[in-house]
Amino acid sequence: MNTHSYARWFRDSTPYISAHRNKTFVVLLGGDAVAHANLTNIVHDLALLNVLGVRLVVVHGAREQINASLEVRSFHRHGELSRRITDDEAMRTITGVYGQIRSNLEALFSTGLPTSPLHNTDIQLVSGNFVTAKPIGVLDGIDHQFTGLARKVHTQRINKVLDTGAIVLLSPIGYSPSGQAFNLTADELSGQVAAALRADKLIVFDAAPYLSDANGHRLSNFTPTVLDKILDTSTIQASTRQRLRALVRAVRAGVQSGQLVSYRDDGALLEELFTADGVGTQVTEQDRRLVRRAKLEDVADIVEVIRPLEDSGVLVRRSRDRLEQEIDQFFVAEVDGFVIGCCALYPVGTSVELACVAVHESYRQEGNDTGSPSVGKQLLDAAEAEARARGHSEIFALTTQTHDWFLEHGFEDADIADLPTPKQALYNYHRNSKVLRKKLRS
Ligand SMILES: CC(C)(COP(=O)(O)OP(=O)(O)OC[C@H]1O[C@@H](n2cnc3c(N)ncnc32)[C@H](O)[C@@H]1OP(=O)(O)O)[C@@H](O)C(=O)NCCC(=O)NCCS
């Protein structure tokens, strides 16, 4: 990345940095992620989130490491979920493995060498008895012994630690009131912790970078209902399925969004969280898109959307001051609280001009994937509804490069002479824009 693109990337991430501050993210690092060579980079990225004010709870797994340490491995599949049968001896081994992983992670978060990104940062990890567990008992006739289920997540204790700025690190282990430790499934635990904390995100690291369609194209966003149906029929790897199910359950239980990201790809977490289109697969219950009237606070985001188009001459340049003065004329389209498009409606005499229609590059062609109207179409609908509400029967637009898009959305060619008189006087013959107008049905 050269200096210019680095500066641009950093600048572009500003809205995400403020959107994520003070939010609670629960992160699942399964045993496979913990064993992967990219773990050090993931730790650095988690440390960065911590420094940026994200409240982090990290749940680690250890399936691979436990399998390597046990001579006899015994699992029982109930439905989709395959759980380990944990006898007394296995439990002793497992607690040792968890201790080792915790200590490895503590060491990684503590690295302070000048060559490390964590140099001069002071990250604190806190582990403890944050989960009460109960035994699974006998399932399908099989005694699961020390394999358990989380019974209560002590959210107050966790929040107290998070309030201090520390990261909470949870092993998949819980304690019964009688003092017995039970082995839990990390995937399940991460979902339960996220739900109990009413976390803003549950992020699961997986070998798969995202869920893809039959052509290998990334499927970036699902509601829990749609994803559940897809998981019923798809042939994806069992561990990925299990993690996606955990995301579905967590979102249904009130977590705002669930994200699957790759533990293999360096920086996948940051790209997922700090770029408009992300790189993983997201599960969210919300209607992510919304077109609304713009507010003064949107000016910086509108600038981000329109500047590249102004630079390339597609849109007429507007200064920040002008945008601030005209903000009441603007509509914005947002996704998950981020502005991704805008348009403006200017009254001119007795008519009204539609201008500054722009959609962030990453969100063009969106309608094609989802079957819903494109972002540009939604902005146009909102502007037309407003024009009608103000009593206008016609709307006009000037364009140099988007003529066909307007035609496809019901506009017709018109002449300069058809423009309202004040606009005719201002017409820029050097720019030579095409004039279009559209009759608005009442
Ligand atoms: C024009 C714009 C707002 C439309 O956004 P959108 O409707 O959300 O999404 P898309 O860009 O996917 O466009 C939808 C369709 O219109 C077509 N389209 C987009 N821009 C076009 C253009 N300049 N000329 C002809 N067709 C265009 C797309 O190819 C697409 O067609 P398809 O569905 O058959 O593939 C968006 O493309 C944009 O921001 N463009 C740059 C800014 C611009 O030109 N603004 C108008 C200034 S007057």
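Residues numbered from 1 in each chain as written. Predicted model: local features only at pLDDT ≥ 70, side-chain atom pairs only at ≥ 80, totals over all residues.

Caption draft 1: Main features of the overall build of the chain. Across its full length, the chain holds 17 helices and 25 strands. For the chain, the spread of C-alpha atoms along the principal axes amounts to about 90 × 50 × 40 Å. Taking contacts inside the chain between residues at least 6 apart in sequence as the whole, the part at least 24 apart equals 70%. (Helix = DSSP H or I, 4+ residues; strand = E, 2+ residues; numbered from the N terminus. Contact = placed C-beta atoms within 7 Å.)

Caption draft 2: Here's a closer look at the site of the ligand. The ligand sits among 18 residues. The nearest are Arg364, Ser374, Gly376, Thr402 and Asp404. Where the shell around the ligand is concerned, the elements lending two or more residues are strand 22 (351-359), helix 15 (375-389) and helix 16 (403-408). The residue makeup of the shell around the ligand, split by class, is 8 nonpolar, 7 polar and 3 charged. (Near = placed C-beta within 6 Å. Nonpolar A, V, L, I, M, F, W, Y, C, P; charged D, E, K, R; others polar.)

Caption draft 3: Quick peek at helix 7 (residues 155-163). Among the residues of helix 7, Ile158, Val161 and Leu162 are the ones counted as buried. In a view along the axis of helix 7, the buried residues occupy a sector of 100 degrees, so they form one face of it. Exposed side of helix 7, more than 90 degrees from the buried face: Gln156 and Asp163 are the residues found there. On the buried face of helix 7, the contacting elements are strand 1 (24-29), strand 2 (55-60), strand 5 (125-126), strand 10 (167-170) and helix 8 (186-197). Directly beyond the C-terminal end of helix 7, a positive phi value near 95 degrees is found at Gly165. (Buried ≥ 20, exposed ≤ 12 C-beta atoms within 10 Å, placed from the backbone. Arc of directions from axis to C-beta.)

Caption draft 4: Quick look at the nonpolar core. Within the largest apolar cluster, 77 residues are counted, with the highest numbers of intra-cluster contacts made by Val26, Val57, Val193 and Leu247. Once residues within four sequence positions are removed from consideration, Val193 is found in contact with Val26, Val57, Val59, Val153 and Leu170. Ile340, Val359, Leu379 and Ile395 belong to the second largest nonpolar core, which has 39 residues in total. (Core = buried A, V, L, I, M, F, W, Y, C linked by C-beta atoms within 7 Å.)

Caption draft 5: Representation of the packing of helix 9 (residues 224-233) against helix 10 (residues 238-252) within the structure. The geometry of helix 9 relative to helix 10 is characterised by a closest axis approach of 10 Å and an angle of 155 degrees between their N-to-C directions. Of the possible angle classes, the one that applies to helix 9 and helix 10 is roughly antiparallel. Pair helix 9 / helix 10 crosses with left-handed handedness. For the pair helix 9 and helix 10, contact is made by Pro224, Leu227, Asp228 and Leu231 and by Arg241, Leu244, Arg245, Val248, Val251 and Arg252, respectively. Considered class by class, the residues forming the contact of helix 9 with helix 10 number 6 nonpolar, no polar and 4 charged. (Axes fitted to C-alpha atoms, helices over the stretch in contact; angles between N-to-C directions. Parallel < 35°, antiparallel > 145°, perpendicular 65-115°, else oblique. Left-handed = near helix turned anticlockwise from the far one by under 90°.)

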